[in-house]
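What follows is each chain in one-letter form.
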Amino acid sequence: MAELLRSLQDSQLVARFQRCCGLFPGPDETPQDCSSGLAEGVALAPGAGHHLAANDKGGGGPANGLRRVLAPQAYVQKYVVKNYFYYYLFRFSAALGQEVFYITFLPFTHWNIDPYLSRRLIIIWVLVMYIGQVAKDILKWPRPFSPPVVKLEKRMIAEFGMPSTHAMAATAISFTLLISTMDRYQYPFGLGLMMAVVFSTMVCLSRLYTGMHTVLDVLGGVLITAVLIVLTYPSWTLIDRLDSASPLFPVCVIVVPFFLCYNYPASDYYSPTRADTTTILAAGAGVTIGFWINRFFQLESEPMDTLPAIQHIAPFTTDMLVLGLTKFAVGIVLVLLVRQLVKKLSLQVLYSWFKVVTRNKEARQRLEIEVPYKFVTYTSVGICATTVVPMLHRFLGLL
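Keep in mind that this is a model prediction, so the values were computed, not measured.

Q: Just checking my understanding: could you explain the packing of helix H7 (residues 189–209) against helix H8 (residues 215–232) for this structure?
A: Angle between the axes and distance between the axes: these two values describe a pair of packed helices. Where H7 meets H8, the axes come as close as 9 Å, and the angle between the chain directions of the two elements is 155°. Between H7 and H8, the angle falls in the class roughly antiparallel. Where H7 crosses over H8, the handedness of that crossing is right-handed. Across the interface between the two elements, Cys 204, Arg 207 and Leu 208 from H7 touch Val 215, Val 218 and Val 222 from H8.

Set out below in C-alpha cells:
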C-alpha cells in the first residue's frame, strides 16, 4: 500500500500524462529569448520544493505573525503545445473549478433555476472547501516538482497540494446537484449521473494537465468529498430548515465562520489559501443570512415548501434564454458594484484603524486586515445576491 501511495504521488506520473496529452517542456532559454511556437507558462524553480524563492521579489512577510520566510516564487517557463485540443479542453475544465465559475454558476442557479438548489450547493461547497483548504495547510504536502512537470498556473504555486480542492469542489457540486434534483425534477437519472461524472472527471484531469496536483492529491480530494457527502446527507433536510431558526441564528452564522477564518492554520510564508478560505466562508455566511432574511421578513415570492415534490423541467425557449441572461446581467452588475464598494470602504476603515499606508499592498496580507475586509466584502456579496437582487428583479418585472 505504501508503495502504491508513493507511486501515485510521483511527479513523473503527472509528467507522463502531460506528454500523452501533447504538453512538453520547452528548451532552456534565457528570459530574453522568444521562440516561435512556444507558449509561456509558469513553474517552480528546479529543485525548489516548497520553500525556495526563485527570485528576489515576493516574499511572505509577517502576514501570519510568523518569521519572514520567502514564499515559493515562479519563473517564466517555456512549454510546447503539440495538441491544442487537449490544451484548450483542460484549460477550460480547470476554469470550471475556479472563482470565475462559482461567481457565475451559483448566482445563475439561484436567480434562474431554483433557490432551493443553490442553497444546498453553496452550503456543501463551503463545507467541502473549508475542510480541503485547512487540510492543505495542515498536511503541507508539496505540489508536483518542476521539472519534470510543466506548471501552467502561477497563482497556486504558493499553496500546498494535498488534497486538490478543485477536485473536491467539482465532485461536491456535481453530485450534490444530482442528489438534490433526482427527487425534485423529472429527468433521466442516467443522464444526470453521466453529466456529474463527466464534469468532475474533466476538472480532476485538468489538475494533472496543468501540473498543479499529483494523482494522489486528486484521488484524495474526490474520496474526502465522497465521505463528506455520505456523512452529511442525512442532515441535508435539517440544513434546508436553518433559515427558519431563531433571530439569533444570523449572529452564529457570522461569528463562527469569522472565528474559523481568524484562527486559520498559520504558515511560514504568505499564501492565498487563507484569503480564499475567508472568501468562501464569508460568501456562505452571506448567502445563509440572505435566506434567513427572506424567510424572516417574508420576502420570498414563492415559498419553497409549496412547490410540488416532483417538477417537470420546462422546455427551453428563446424567451427563457433572454430572460435568464437579463436577470443574470442585472444581478451580476449589482453584485460586482456592491463587492467593489464594500471592499474599498472596508479597506479604508482598516487602514485608518491600524494606521497603515494605503499604497502598501503587502498590508492587505496582514491577518488583522485581510480577514476582516474579505469577510465583510463577501458576506455583503452573499446577502446582496440572495435578497437585494431578487427584489430588484421583482421591481423590474423580471420574475
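Q: Is there a simple way to think about unusual backbone geometry in this case?
A: Note: most peptide bonds trans; most residues except glycine with negative phi. The phi angle at Lys 140 is positive, at roughly 60°, despite the residue not being glycine. Its place among the elements puts Lys 140 in the loop between helix H5 (115–139) and helix H6 (165–181). Since its relative accessible area comes to 32%, Lys 140 is described here as partly exposed.

Q: I would appreciate a short explanation of the environment of Arg 207 in the present structure.
A: The topology assignment puts Arg 207 in helix H7. Considering only alpha carbons, one finds Arg 207 and Ser 164, 43 residues apart in sequence, at a separation of 8.0 Å.

Q: How do you make sense of the nonpolar core when you look at a structure like this?
A: Counting residues in hydrophobic clusters, the biggest one holds 40 residues, and the most contacted among them are Tyr 102, Trp 125 and Val 335. If you list the elements that add at least two residues to this core, you get helix H4 (99–113), H5, H6, H7, helix H10 (249–262), helix H11 (273–296), helix H12 (318–353) and helix H13 (367–395). In terms of residue count, H11 provides more of this core than any other element does, nine residues in total.

Q: Any chance you could explain the side chain of Gln 133 here in plain terms?
A: Within the element layout of this structure, Gln 133 appears in helix H5. Residue contacts for Gln 133: discarding those within four places in its chain leaves Thr 165, Tyr 264, Thr 273, Asp 276 and Thr 277.

Q: Help me understand a nonpolar patch on the surface in this model?
A: A cluster of nonpolar residues, Met 182, Phe 189, Leu 193 and Val 197, forms a patch on the protein surface that exposes about 310 Å² of accessible area. Residue class for Val 197 comes out partly exposed when judged on its relative accessible area of 37%.

Q: Which parts of the structure should I look at to understand H10?
A: Each full turn of the α-helix corresponds to 3.6 residues, which orients residues three or four apart in the same direction. For H10, with 14 residues, the first-to-last C-alpha span of 20 Å sits near the 20 Å given by 1.5 Å per residue. Turning to H10, its buried residues number three or more, namely Phe 249, Pro 250, Val 253, Pro 257 and Cys 261. The buried side chains of H10 occupy one side of the element, clustering within an arc of 110° when seen end-on. Contact partners of the buried residues in H10: H11 and H13.

Rules of the game
- Residues numbered from 1 in each chain as written.
- Predicted model: local features only at pLDDT ≥ 70, side-chain atom pairs only at ≥ 80, totals over all residues.
- Heavy atoms only, no water.
- Axes fitted to C-alpha atoms, helices over the stretch in contact; angles between N-to-C directions.
- Helix = DSSP H or I, 4+ residues; strand = E, 2+ residues; numbered from the N terminus.
- Parallel < 35°, antiparallel > 145°, perpendicular 65-115°, else oblique.
- Left-handed = near helix turned anticlockwise from the far one by under 90°.
- Contact = heavy atoms within 4.5 Å.
- Buried < 20%, exposed > 50% of the residue type's maximum accessible area, 1.4 Å probe, protein only.
- Core = buried A, V, L, I, M, F, W, Y, C linked by side-chain atoms within 4.5 Å.
- Patch = residues over 30% accessible without salt bridge, like charges linked within 9 Å, V, L, I, M, F, W, Y side chains within 5 Å.
- Areas by Shrake-Rupley, 256 points an atom, 1.4 Å probe, with all protein chains shown as cover.
- Salt bridge = Lys/Arg side-chain N within 4 Å of Asp/Glu carboxyl O.
- Expected span 1.5 Å × (residues − 1).
- Arc of directions from axis to C-beta.

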